[in-house]
Amino acid sequence: MTIVDICHSLRATRDPAMCRCFQMFPCLADPARRSSLFLKLALVATHLTYAGILFLFDEDLIENTKKEPWYTTMYLLLIVVTLIQYFVTSISSPGYVLDAMRTVNETNIVYRKTSTTSNQPASSKNGSLIVTVDRSQTGRNFSGSNSVSWLKLVTDLYPPGTPIRTWTCSHCNVEQPPRAKHCHDCDKCVLQFDHHCVWLGNCIGLGNHCRFWWYLCEETALCIWTGILYISYLKAYITRLWWKDAIVILLLIILSISLIFLLLLLLFHSYLILTNQTTYELVRRRRIPYLRGIPERVYPFSKGACRNVYNFCCVRSSVHSLERLPTRQEIEEKSRPYTCLDVITCRCC
Ligand SMILES: [Zn+2]
Ligand SMILES: [Zn+2]
């Protein structure tokens, strides 16, 4: 529906003010973008309210700021950093399959295959394709072993003989690498799909999961710090003005509930990172074809906790790291029960 169509329907309801508003701000014409924008405004308003109430009510904080400005500066800086992280995450690309496909098909790429051999340790057996765009070659007609099509690249990630229709998205009509999923909110296929975050109005996937984790970290730290400041205020000022105490206690209750939710979410995503899983894979494990038949406590894409954290922090944001499906032999190796020797040699790491 275009802005003109919306204006026509609004004229029918005699609301020219809304029509003028949509003409001035076209982004408001789309209901999804409108609700996302209001959510962002609500988030900024919530942060400003919590900080504003403190500076309005707590005279000690003002006095302390005059004596030791660094403490308040650090707190205000954390608010700004958290808000910037929120906005950056909300507009960052989660890694769309279509974008990766275009990159691979339109530019020359260099790709490196982490192949597996039977004498490798279990932790390094799970191979992956790390696709790096070679910008210096862009525009040249490059052919040979370095040139690879998207279809060939995706086919290599599945066990031989897997029918192509099982990994072709029926909505986008693109070949999905393993772990990719079509998001019905974004109407796009997302690489290593985690979830569609309503709070951010964006999908969380391969490209921005790291940013999302850092946002959770910063928001949790900010909640804890704000909670400490609110409790300090109550200790110093309780029984002076009841209505001020009532407002602070109400905000503190909301803050505590938010903090519990954030802490649980942070722990949950930290666990996912350590085991190289996604929320979608964990929740829909039995319904995802490539995870069917794999024992519950076996993480098929895990390369060991340390390697998983390294890949999560350092590899994923810069290149398209496409992971292939593990073979039956690799799954059996991962399912092997832990022995004393495995514990000593840190098999899980
Ligand atoms: Zn799709
Ligand atoms: Zn989405």
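Residues numbered from 1 in each chain as written. Chains lettered and ligands numbered in written order. Predicted model: local features only at pLDDT ≥ 70, side-chain atom pairs only at ≥ 80, totals over all residues.

1. Some details on the overall build of the protein
Right, on to step 1. Looking only at helices and strands, the protein has 13 helices and 7 strands in total.
Right, on to step 2. Expressed as a percentage of its 349 residues, the buried residues of the protein come to 23%. (Helix = DSSP H or I, 4+ residues; strand = E, 2+ residues; numbered from the N terminus. Buried ≥ 20, exposed ≤ 12 C-beta atoms within 10 Å, placed from the backbone.)

2. Regarding the nonpolar core
The tendency in soluble globular proteins is for nonpolar side chains to be buried side by side.
Right, on to step 1. Of all hydrophobic cores here, the largest spans 27 residues; its most connected members are Val97, Met101, Ala180, Cys189, Val190, Leu191 and Phe193.
Right, on to step 2. Ignoring anything within four residues of it in the chain, the contact list for Cys189 reads Tyr96, Val97, Leu98, Cys169, Cys172, Val174, Gln176, Ala180, Lys181 and His182.
Right, on to step 3. Judged by nonpolar contacts, the second largest core, of 5 residues, contains Tyr50, Leu54, Tyr233 and Val248. (Core = buried A, V, L, I, M, F, W, Y, C linked by C-beta atoms within 7 Å. Contact = placed C-beta atoms within 7 Å.)

3. Some details on the packing of helix α3 (residues 31-57) against helix α5 (residues 69-91)
Right, on to step 1. Where α3 meets α5, the axes come as close as 11 Å, and the angle between the chain directions of the two elements is 170 degrees. With respect to each other, α3 and α5 are oriented roughly antiparallel. Contacts from Leu43, Val44, His47 and Ala51 of α3 reach α5 at Ile79, Leu83 and Tyr86.
Right, on to step 2. The residue inventory of the contact of α3 with α5, partitioned by class, reads 6 nonpolar, 1 polar and no charged. (Axes fitted to C-alpha atoms, helices over the stretch in contact; angles between N-to-C directions. Parallel < 35°, antiparallel > 145°, perpendicular 65-115°, else oblique. Nonpolar A, V, L, I, M, F, W, Y, C, P; charged D, E, K, R; others polar.)

4. Here's the deal with unusual backbone geometry
Leave glycine aside and you will find that most residues have negative phi; peptide bonds, for their part, are mostly trans.
Right, on to step 1. Backbone geometry at Asn173 places phi at a positive 60 degrees, although glycine is not the residue there.
Right, on to step 2. Classification of Asn173 by C-beta neighbours within 10 Å gives exposed; the count is 8.
Right, on to step 3. Positive phi, close to 50 degrees, is recorded for Asn276, a residue that is not glycine.
Right, on to step 4. By the element assignment, Asn276 lies in the loop between α9 (242-275) and α10 (279-283).

5. With respect to the confidence of the model for the protein
Right, on to step 1. Counting all residues, the mean pLDDT for the protein is 79, and 73% of those residues have values of 70 or more.
Right, on to step 2. Considering only residues more than four positions removed or in separate chains, one finds that residues 114-126, a stretch of pLDDT under 50, has 20 contacts.
Right, on to step 3. Between residues 132-147, whose pLDDT stays under 50, and residues either more than four places distant or in other chains, the model counts 19 contacts. (pLDDT = per-residue confidence, 0-100.)

6. Looking at α9
Along an α-helix, residues three or four positions apart point the same way, because every turn accommodates 3.6 residues.
Right, on to step 1. Taking 1.5 Å per residue, 34 residues should reach 50 Å; α9 reaches 49 Å between its end C-alpha atoms and fits that length.
Right, on to step 2. Backbone geometry just downstream of α9 places Asn276 in the positive-phi region, at approximately 50 degrees. (Expected span 1.5 Å × (residues − 1).)

7. Structural notes on the environment of Leu157
Right, on to step 1. Checked against the element boundaries, Leu157 lands in the loop between α7 (150-155) and β3 (181-183).
Right, on to step 2. By C-beta crowding, Leu157 is classed as buried, having 20 other C-beta atoms within 10 Å.
Right, on to step 3. Here the alpha-carbon distance between Leu157 and Pro178, two residues 21 residues apart in the chain, equals 7.1 Å.

8. Overview of the environment of Leu234
Right, on to step 1. Note on placement: Leu234 falls in helix α8 (residues 209-237).
Right, on to step 2. Judged by the 15 C-beta atoms lying within 10 Å of it, Leu234 falls in the partly exposed class.
Right, on to step 3. Taking C-alpha positions, Leu234 is 7.7 Å from Val248, a pair spaced 14 residues apart along the chain.
Right, on to step 4. Other than its neighbours up to four places away in sequence, Leu234 contacts Asp245 and Val248.

9. Some remarks on the packing of α3 against α9
Right, on to step 1. Taken N-terminus to C-terminus, the directions of α3 and α9 make an angle of 150 degrees; their axes are 12 Å apart at the nearest point. One way to sum up the angle between α3 and α9 is to call them roughly antiparallel. The two elements α3 and α9 cross, and the hand of that crossing is left-handed. Across the interface between the two elements, Tyr50, Ile53 and Phe57 of α3 pack against Lys244, Ile247, Val248 and Leu251 of α9. (Left-handed = near helix turned anticlockwise from the far one by under 90°.)

10. Points about the environment of Phe268
Right, on to step 1. Mapped onto the fold, Phe268 is located in helix α9.
Right, on to step 2. Note on Phe268: 13 C-beta atoms within 10 Å, which makes it partly exposed.

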